[in-house]
Amino acid sequence: MVGDRVVVAAPATDSALAAARRYARVYVACVRNCLARELEFRASFAFSAGSTVLWSIISMALAGLIFSNVRQVAGWDLDRMFVLMGTFLIVEGLTSALVQRNMQRLADMVNKGELDFILIRPISSQFLVSVRYVDFADLPTSVVGVVYVVIGVGRLGLVPGPFEIGAYLLLLACALLSVYALWFISVTFVLWTGRINNISSLMGPVIDMARTPSDVYRGLAKPFLTYGLPVAVIATLPVKALLGAIEPLMIPYQIGLTAVLLWLSHAFWHFSLRRYTSASS
């Protein structure tokens, strides 16, 4: 029996590893292509990167102006806002670099019939439409965010331990994957309705809500933004994890919610493809 199990399992393992390598090579090729495109127009890249950094600095300056008049807002002072704003900028920069352009292009591909060329390729269509473009000019926003987090933690005089740092990074990953899943679901509706202008912009206001600590919201808004629409996981919950102030059960809940959202994005994509009618046909 043991021998039989080994013989049966080995091909499945090899197949999974081969598939993983193939997907990794495709992603690396996409990244290289995008980097080469950025380097062709270096002045434009430098200007875009500089503008994102400037906007990140202005965002923190505006928060500083608010806290020059008030000491705390719902338990959040300026030092904690440094960590919150930094965390928000990390997530915003990464989602803008890795997700936003792909969501914009997905709507265009459906409207122009270009999605047909994706569907006939021997690779997951959801994977390919989700990773084809990387905007390197948005990555400096995340670097500024890391600086803000370090400054905020230093101003608070805290030294997070391995558990706090691990929980922080884990919730950041949940934030990125949750934003991607919700964004992908919203854009997938274009398969049902045809042309919808700016459908990829629906997630912008949702992400911007994370600039404000979820503790500020009252009534049904707070539990909805924490347990339903995962806005709190974008910045508030990771910061609480880093500062050692998060409820222990919140971490596994957010992991589970992220897994559900990813599954829904995959299931809704394949379900919607059944109704897809090529614009080129």
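The shown structure was predicted, so the numbers you read here are calculated from the model rather than taken from an experiment.

Enquirer: Any chance you could explain a nonpolar patch on the surface here in plain terms?
Expert: A contiguous nonpolar patch, built from Leu54, Trp55, Ile58, Leu62 and Leu65 and spanning about 490 Å² of accessible area, is present on the exposed surface. Within the element layout of this structure, Leu54 appears in helix 2 (residues 42–67).

Enquirer: Before we go on, may I ask you to explain the packing of helix 3 (residues 78–112) against helix 7 (residues 162–188) in this structure?
Expert: Between two packed helices, both the angle of their axes relative to each other and the distance between the axes serve to describe the pair. One way to put it is that helix 3 packs onto helix 7 with a least axis distance of 10 Å and a crossing angle of 25°. Our classification of the angle between helix 3 and helix 7 gives roughly parallel. Helix-helix and strand crossings are classified by hand; for helix 3 and helix 7 the assignment is right-handed. Residues Thr87, Ile90, Val91, Leu94, Thr95, Val99, Gln100, Met103, Leu106 and Ala107 of helix 3 lie in contact with helix 7, whose contacting residues are Tyr168, Leu172, Ala175, Leu176, Val179, Tyr180, Trp183, Phe184 and Val187. Of the residues assigned to the contact of helix 3 with helix 7, the class counts are 16 nonpolar, three polar and no charged.

Enquirer: Please explain the side chain of Glu92 as it appears in this structure.
Expert: As for its placement among the helices and strands, Glu92 is situated in helix 3. A relative accessible area of 16% places Glu92 in the buried class.

Enquirer: Can you help me understand the nonpolar core in this one?
Expert: Looking at soluble globular proteins, one finds that nonpolar side chains tend to be buried together. Ranked by size, the top nonpolar core spans 66 residues in total, and within it Phe88, Leu106, Leu115 and Trp183 carry the most contacts. Per-element tally for this core: the top contributor is helix 3, with 15 residues. Leaving out residues up to four positions away in the same chain, Leu115 has contacts with Leu106, Met109, Val110, Val129, Leu191, Trp269, Leu273 and Tyr276.

Enquirer: How should I be thinking about the pattern of salt bridges in this particular structure?
Expert: When charged atoms on two side chains of opposite charge get close, those side chains can pair. Enumeration according to the criterion identifies eight salt bridges in this entry. With its nearest N and O atoms 2.5 Å apart, the salt bridge here joins Asp79 to Arg155. One end of the pair, Asp79, is in helix 3; the other, Arg155, is in helix 6 (residues 139–156), and 76 residues separate them in sequence. With a shortest N-O distance of 3.7 Å, Asp208 and Arg211 are connected by a salt bridge.

Enquirer: Looking at this model, I keep getting lost on the packing of aromatic side chains. Mind explaining?
Expert: Under the definition given, this model contains eight aromatic pairs. Taken together, a centroid distance of 5.1 Å and an interplanar angle of 55° make the contact between Phe184 and Trp269 tilted. You can see Phe184 sitting in helix 7 and its partner Trp269 sitting in helix 12 (residues 250–273), a full 85 residues away along the chain. Comparing Phe184 with Trp269, the two get one shared label, buried. Centroid distance Trp192 to Phe271: 5.5 Å. Interplanar angle 40°. Geometry classified as tilted. Linking Trp192 in helix 8 (residues 190–193) with Phe271 in helix 12, this pair joins segments that are 79 residues apart in sequence.

Enquirer: Help me understand helix 6 in this model?
Expert: Side chains that are three or four residues apart share a direction in an α-helix, a result of its 3.6 residues per turn. Here helix 6 contains 18 residues, and its C-alpha end-to-end distance of 26 Å stays within 8% of the 26 Å for a straight helix at 1.5 Å per residue. Taken together, the buried positions of helix 6 are occupied by Thr141, Ser142, Val144, Gly145, Tyr148, Val149, Gly152, Val153 and Leu156.

Enquirer: Please explain the environment of Gly145 as it appears in this structure.
Expert: Tracing the chain through its elements places Gly145 in helix 6. Placed 58 residues apart in sequence, Gly145 and Thr87 show a C-alpha to C-alpha distance of 5.9 Å. Here Gly145 is in contact with Gly86, Leu89 and Ile90, once residues within four sequence places are set aside.

Enquirer: Can you help me understand the side chain of Ser142 in this one?
Expert: Examined against the element boundaries, Ser142 turns out to sit in helix 6. A distance of 3.0 Å separates a polar atom in the side chain of Ser142 from the backbone oxygen of Ile90. In contact with Ser142, not counting residues within four places along its chain, are Leu89, Ile90, Gly93 and Leu94.

Enquirer: Can you walk me through the confidence of the model for the protein in this structure?
Expert: Regions with low pLDDT carry predicted coordinates that are not meant to be interpreted in detail. On average, residues of the protein score 83 in pLDDT, and 89% of them are at 70 or above. Scored below 50 in pLDDT, residues 1–10 makes zero contacts in the model with residues more than four places away or belonging to other chains.

Conventions adopted
Residues numbered from 1 in each chain as written. Predicted model: local features only at pLDDT ≥ 70, side-chain atom pairs only at ≥ 80, totals over all residues. Heavy atoms only, no water. Patch = residues over 30% accessible without salt bridge, like charges linked within 9 Å, V, L, I, M, F, W, Y side chains within 5 Å. Areas by Shrake-Rupley, 256 points an atom, 1.4 Å probe, with all protein chains shown as cover. Salt bridge = Lys/Arg side-chain N within 4 Å of Asp/Glu carboxyl O. Helix = DSSP H or I, 4+ residues; strand = E, 2+ residues; numbered from the N terminus. Axes fitted to C-alpha atoms, helices over the stretch in contact; angles between N-to-C directions. Parallel < 35°, antiparallel > 145°, perpendicular 65-115°, else oblique. Left-handed = near helix turned anticlockwise from the far one by under 90°. Contact = heavy atoms within 4.5 Å. Nonpolar A, V, L, I, M, F, W, Y, C, P; charged D, E, K, R; others polar. Buried < 20%, exposed > 50% of the residue type's maximum accessible area, 1.4 Å probe, protein only. Core = buried A, V, L, I, M, F, W, Y, C linked by side-chain atoms within 4.5 Å. Phe/Tyr/Trp six-rings, centres within 6.5 Å; stacked < 30°, edge-to-face > 60°. Expected span 1.5 Å × (residues − 1). Polar contact = N/O pair within 3.5 Å; in protein donor to acceptor, adjacent residues only side chain to side chain. pLDDT = per-residue confidence, 0-100.

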